[in-house]
Amino acid sequence: MPDRYAVIGHPIAHSKSPLIHGLFARATGQDMAYEAIDGGAEPGGFARALAAFRAAGGRGVNVTLPFKLDALAAADKASDDARLAGAANALRWDGGRVEARNFDGIGLVRDIEVNLGLPLAGRRVLLLGAGGATRGALLPLARAGAARLFIANRTAAKAEALARALAPHLPAACALQGGGLDMPDGAFDVVINATSASLGGEAPAVPDGAFAPGALAYDMVYGKGLTPFMQRAQAAGCARVADGAGMLVEQAAEAFAWWRGVRPDTREALTVIQSRP
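Residues numbered from 1 in each chain as written. Predicted model: local features only at pLDDT ≥ 70, side-chain atom pairs only at ≥ 80, totals over all residues. Heavy atoms only, no water.

**Comments concerning the pairing of strand S7 (residues 124-128)**
The test is simple: When a residue's accessible area, from a 1.4 Å probe over protein chains only, is under 20% of the maximum for its type it is buried; when over 50% it is exposed; and in between it is partly exposed. Helix numbering and strand numbering both begin at the N terminus, where a helix is a DSSP run of H or I of at least 4 residues and a strand a DSSP run of E of at least 2. Only strands joined by at least two bridges in the DSSP assignment are considered to pair. Every crossover in which the path from the first strand over the helix to the second runs clockwise, viewed with the strands pointing away from the viewer, is termed right-handed.
Burial analysis of S7 places four of its five residues in the buried class, the great majority of the element. Where S7 lies against strand S8 (residues 148-152), five bridges are found, and the strand directions are parallel. Paired with Val125 across the bridge in S8 is Leu149. Read as a crossover between parallel neighbours, the route from S7 over helix H6 (residues 132-143) to S8 is right-handed. Relative to strand S10 (residues 188-193), S7 is paired through four bridges, and the arrangement is parallel. By the bridge assignment, Leu126 is partnered in S10 with Val191.

**Focus on the sheet that holds strand S6 (residues 97-101)**
Test applied: Any two residues whose heavy atoms approach within 4.5 Å are treated as being in contact. What counts as an axis is a line fitted to C-alpha atoms, over the stretch in contact for a helix, and the angles between N-to-C directions run from 0 to 180 degrees.
In spatial order, the strands read S2-S1-S3-S5-S6-S4; together these six strands make up an open sheet with mixed pairing. This sheet does not close on itself; its edge strands, each paired only once, are strand S2 (32-38) and strand S4 (77-78). Of the strand pairs in this sheet, S4 and S6 are connected by two bridges, and their pairing is parallel. Looking across to S6, one finds that Ala78 is bridged to Ala100. Helix H1 (residues 17-28) contacts strand S1 (3-9), S2 and strand S3 (58-63) of the sheet and is inclined by roughly 175 degrees relative to S2. Across the sheet, helix H9 (residues 245-260) lies against S1, S2, S3, strand S5 (90-94) and S6, angled at about 0 degrees from S5, the strand it touches most.

**Description of unusual backbone geometry**
Going from His10 to Pro11, the amide bond is cis rather than trans, its omega being -5 degrees. Assignment of secondary structure puts Pro11 in the loop between S1 and H1. Looking along the chain, the bond that leaves Leu65 and enters Pro66 is cis, with omega of 5 degrees. Within the element layout of this structure, Pro66 appears in the loop between S3 and helix H3 (68-73).

**Overview of the environment of Ile106**
On the secondary structure map, Ile106 appears in helix H5 (residues 104-115). A residue is classified by how much of its surface remains accessible, and Ile106, at 26% relative accessible area, is partly exposed. Residues Ile106 and Ala6, 100 residues apart in the sequence, show an inter-C-alpha distance of 20 Å. Residues within four places of Ile106 in sequence aside, it is in contact with Asp81, Pro140 and Glu254.

**Details of the environment of Ala156**
Structurally, the position occupied by Ala156 is in helix H7 (residues 156-166). The spatial distance from the C-alpha of Ala156 to the C-alpha of Arg124 is 19 Å, given a sequence separation of 32 residues. Apart from residues no more than four positions distant in its own chain, Ala156 is found in contact with Gly179 and Gly180.

**Quick word on the packing of aromatic side chains**
Working definition: an aromatic ring pair is given by the centre-to-centre distance plus the angle between the planes. We count it as follows: Under the pairing criterion, centres of Phe, Tyr and Trp rings, with the six-membered ring standing for Trp, must be within 6.5 Å; the plane angle then separates stacked pairs below 30 degrees from edge-to-face pairs above 60, leaving the rest tilted.
In this structure the tally under the stated criterion is seven aromatic pairs. With a centroid separation of 4.7 Å and 25 degrees between ring planes, the pair formed by Tyr5 and Trp259 is classed as stacked. You can see Tyr5 sitting in strand S1 and its partner Trp259 sitting in helix H9, a full 254 residues away along the chain. The pair Tyr5 / Trp259 is uniform in exposure class, with both members buried. Consider the rings of Phe211 and Phe229, whose centres lie 6.4 Å apart with planes at 45 degrees: the pair is tilted. Here the residue Phe211 occupies a position in strand S11 (residues 211-219), and Phe229 occupies one in helix H8 (residues 228-235), the gap between them amounting to 18 residues. Among the aromatic residues, ring-to-ring pairing joins Tyr5, Tyr34 and Trp259 into one connected group.

Written out as structure tokens, the structure is:
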């Protein structure tokens, strides 16, 4: 009988995780099954879905919106990335204990550096938004050697508070600041849209002069085509734009490796995901 894994979210019918993990399992010869579970909109739905899946023999789960905070709360043990992000996107059971990880930021970094071929060491990185997606990205970006990280948010105080909270946990060589859209002078090598604006077909507020020559504009949203953020970047002269499909695939590979002890090659899955709406 194959080992069972799942992704829990709400809604969940659109999830590409079963497809991705199915490709990984086939490529690595792993005897496993992977399903999508709707945790529902009712309070406590995630906890009930998680308990039922565990009782039925489940080995681990991915967790997507809106349950990433619940996933961290359900854990007995969490990685630094998950604790600092305040959220988890992968769980597994170690005996009677629940372990939590957050692979979103790691997947982002790997997509930028490996798939897109842009080393982050010494780069200036601008993150738009001060929510959970930015929290999850900051530590992996700093570990990758980014020289400067700036969080730009409509509410400057929120970005400033986030920078103060996370700065002590980042390498000393990485300068972290937060503020409003009237950010300090200087353009950025990588501009990341970590807001949810693209999900609604809207463009996030982007500070004037944000894009340095040759900059990468990266939208964490995937499957939306050329998003308003990406269009804005192109209009500003930014030649390199990318969505979050690679981030999705790479974070899935990290979770797969954590569960199964083997990291799959991601090229086939990335090609498949990028070719499907």
